[in-house]
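Examining the three-dimensional arrangement
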Amino acid sequence: MWADEMIRATDAVLDGFEADVARLVDHRWEAATDAEVLEVVQRTVRALNAVNDQFHGAAYETDERELLCGYIDRVLGAADIEADELARRNGLLSGDITGPWRDW
């Protein structure tokens, strides 16, 4: 249903997100700051925006959006970063940490 190129581009963005989150929490004596985590989320969402734009704004629709947002939350959760709490602390909608930067 989706072009292989779109799938590869999306996977590359998500692989980068996983690596960025791992770097935030790997071998640190203290927890990553909210600003550090939000910067990684913002960079990831903007990269996904670029993938979506590359495919004429049609790469990510409702189902894909929910899957991508859930994936971001799960990666953060696996790193012991609670996305909903992070959102609340920073004036973002709970359940949508990607919202401020998401075009899809």
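So, a few notes on the structure that sits alongside this text. Computed from a predicted structure; not experimentally measured. (Residues numbered from 1 in each chain as written. Predicted model: local features only at pLDDT ≥ 70, side-chain atom pairs only at ≥ 80, totals over all residues. Heavy atoms only, no water.)

1. A closer look at the packing of aromatic side chains
On inspection of all chains with the given rule, the structure shows one aromatic pair. Ring centres of Tyr60 and Trp104 lie 5.5 Å apart, and the angle between their planes is 70 degrees; this geometry places the pair in the edge-to-face category. Here Tyr60 is found in the loop between helix H2 (34-54) and helix H3 (62-78), whereas its partner Trp104 is found in the segment after helix H4 (83-89), with 44 residues between them in sequence. Each member of the pair, Tyr60 together with Trp104, is buried. Lying over the aromatic face of Trp104, Arg102 brings its terminal NZ or CZ to 5.5 Å of the ring centre. (Phe/Tyr/Trp six-rings, centres within 6.5 Å; stacked < 30°, edge-to-face > 60°. Helix = DSSP H or I, 4+ residues; strand = E, 2+ residues; numbered from the N terminus. Buried < 20%, exposed > 50% of the residue type's maximum accessible area, 1.4 Å probe, protein only. Lys NZ or Arg CZ within 6 Å of the ring centre and 35° of its normal.)

2. Description of unusual backbone geometry
Phi angles above zero are rare outside glycine, and Asp80 is one such case at about 60 degrees. Looking at where Asp80 falls in the secondary structure, it is placed in the loop between H3 and H4. For Asp80, a relative accessible area of 75% puts it in the exposed group.

3. Looking at H3
Given a rise of 1.5 Å per residue, 17 residues ought to cover 24 Å, and the 24 Å separating the end C-alpha atoms of H3 matches this to within 8%. Among all positions of H3, only Glu64, Leu68, Cys69, Gly70, Ile72, Val75 and Leu76 are buried. Its buried side turned inward, H3 meets helix H1 (4-25), H2 and H4. Once H3 ends, the next one or two residues include Asp80, with phi positive near 60 degrees. (Expected span 1.5 Å × (residues − 1). Contact = heavy atoms within 4.5 Å.)

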